[in-house]
Amino acid sequence: MDREAIVAWVRAGAALLELPAATADEAAVVENLERLAAIAAALERVDIGPEVEPITVFLR
C-alpha cells in the first residue's frame, strides 16, 4: 500500500469518526500504518505449508 492510499484511508476513517480533518496525530497514524504494512508484507513472504495451522487458545 502506498503512502497516498494510507493517507486517504486515515482521512476517510477520521471523517467517518467525525474527527477533525487535519489532526495533529495524522502523520503519526500514517507512519504507524506504513510500519504495519511493512511487517505484514514481510510475514506474507514466509512460505508456510498447508499442514501448519494456528493454535487457538481460549483463556478465561
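Shown above is the structure to which this text applies.
Everything numeric here is computed off the predicted structure, so don't read it as measured data.

Caption draft 1: Representation of the environment of Phe58. Take Phe58: it is sitting in the segment after α2 (26-44). Through-space distance from the C-alpha of Phe58 to that of Met1 is 33 Å; in sequence the pair is 57 residues apart.

Caption draft 2: Looking closely at a nonpolar patch on the surface. A surface patch of nonpolar side chains, about 360 Å² in accessible area, is lined by Leu16, Leu17 and Leu19. With respect to the helices and strands, Leu16 occurs in helix α1 (residues 3-16). Exposure remark for Leu16: the relative accessible area of 72% places this residue in the exposed category.

Reading the values: rules and limits
- Residues numbered from 1 in each chain as written.
- Predicted model: local features only at pLDDT ≥ 70, side-chain atom pairs only at ≥ 80, totals over all residues.
- Heavy atoms only, no water.
- Helix = DSSP H or I, 4+ residues; strand = E, 2+ residues; numbered from the N terminus.
- Patch = residues over 30% accessible without salt bridge, like charges linked within 9 Å, V, L, I, M, F, W, Y side chains within 5 Å.
- Areas by Shrake-Rupley, 256 points an atom, 1.4 Å probe, with all protein chains shown as cover.
- Salt bridge = Lys/Arg side-chain N within 4 Å of Asp/Glu carboxyl O.
- Buried < 20%, exposed > 50% of the residue type's maximum accessible area, 1.4 Å probe, protein only.

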